[in-house]
Amino acid sequence: MAFDKWFNSQSTLLKVILLILPVVGWIVECLVRLSVALNKKDLVSILVFLLFLLVGWGWFLGVIDLIYLILKGHLILA
């Protein structure tokens with residue numbers, strides 16, 4: 001699964017648009033974090049995926065990821 005590589009290869013504007021859309025943003029973040037967890041297979045990536053899966057449906061983590069994405073070009077720990 002290389003969804004994280006596809007997502008990171010997109011323009012920053014497209015990534016921001018994908019994350020701003022309410023349901024689409026959550027699904028995109030889940031797919032990116034799942035892809036990273038499956039590719040790396042390390043404890044941190046798996047824990048971040050599980051944390052986002054349990055708590056990420058709220059707007060707070062989405063806003064933090066959006067700001068970090070605008071500044072750095074990728075999601076936090078992904």
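In the block above lies the structure referred to throughout.
What counts, and at which threshold
- Residues numbered from 1 in each chain as written.
- Predicted model: local features only at pLDDT ≥ 70, side-chain atom pairs only at ≥ 80, totals over all residues.
- Heavy atoms only, no water.
- Patch = residues over 30% accessible without salt bridge, like charges linked within 9 Å, V, L, I, M, F, W, Y side chains within 5 Å.
- Areas by Shrake-Rupley, 256 points an atom, 1.4 Å probe, with all protein chains shown as cover.
- Salt bridge = Lys/Arg side-chain N within 4 Å of Asp/Glu carboxyl O.
- Helix = DSSP H or I, 4+ residues; strand = E, 2+ residues; numbered from the N terminus.
- Phe/Tyr/Trp six-rings, centres within 6.5 Å; stacked < 30°, edge-to-face > 60°.
- Buried < 20%, exposed > 50% of the residue type's maximum accessible area, 1.4 Å probe, protein only.
- Lys, Arg positive; Asp, Glu negative; His and termini not counted.
- Polar contact = N/O pair within 3.5 Å; in protein donor to acceptor, adjacent residues only side chain to side chain.
- Contact = heavy atoms within 4.5 Å.

**Topic: a nonpolar patch on the surface**
Next up, step 1: A contiguous nonpolar surface patch, about 1000 Å² in accessible area, is contributed by Val-23, Trp-26, Ile-27, Leu-43, Ile-46, Leu-47, Leu-50, Leu-51, Leu-53, Leu-54 and Val-55.
Next up, step 2: Those elements that place two or more of their residues in the nonpolar patch are helix 3 (22-40) and helix 4 (43-55).
Next up, step 3: With respect to the helices, strands and loops of the structure, Val-23 is situated in helix 3.

**Quick word on the packing of aromatic side chains**
Next up, step 1: In total, this model carries one aromatic pair according to the counting rule given.
Next up, step 2: Geometrically, the ring pair formed by Phe-3 and Trp-6 is tilted, given 5.3 Å between the ring centres and 35° between the ring planes. Note that Phe-3 and Trp-6 are positioned in helix 1 (residues 3-9) at a spacing of three residues, about one turn of the helix.
Next up, step 3: The exposure class assigned to Trp-6 is partly exposed, which follows from its relative accessible area of 40%.

**What to know about the pattern of salt bridges**
Next up, step 1: Summed over all chains, the structure comprises two salt bridges.
Next up, step 2: Between Glu-29 and Arg-33 there is a salt bridge, with its nearest N and O atoms 3.7 Å apart. With Glu-29 and Arg-33 both in helix 3, this residue pair falls four residues apart, about one helical turn. For the pair formed by Glu-29 and Arg-33, the shared burial category is buried.
Next up, step 3: Measuring nitrogen to oxygen at the nearest pair gives 2.7 Å for the salt bridge that ties Asp-65 to Arg-33. Remark: Arg-33 occurs in helix 3 and Asp-65 occurs in helix 5 (residues 59-72); sequence separation between them is 32 residues. Considered together, Asp-65 and Arg-33 belong to a single accessibility category, that of buried residues.
Next up, step 4: Taken together, the salt bridges that share partners define one network made up of Glu-29, Arg-33 and Asp-65.

**Comments concerning the side chain of Lys-15**
Next up, step 1: Considering the arrangement of structural elements, one finds Lys-15 in helix 2 (residues 12-20).
Next up, step 2: With no salt bridge to any partner, buried Lys-15 finds its closest opposite charge in Asp-4, at an N-O distance of 11 Å.
Next up, step 3: Within the structure, Lys-15 has its side chain in polar contact with the backbone oxygen of Gly-73 (distance 2.6 Å).
Next up, step 4: Setting aside residues up to four positions removed in sequence, Lys-15 forms contacts with Phe-7, Asn-8, Gln-10, Leu-69 and Gly-73.

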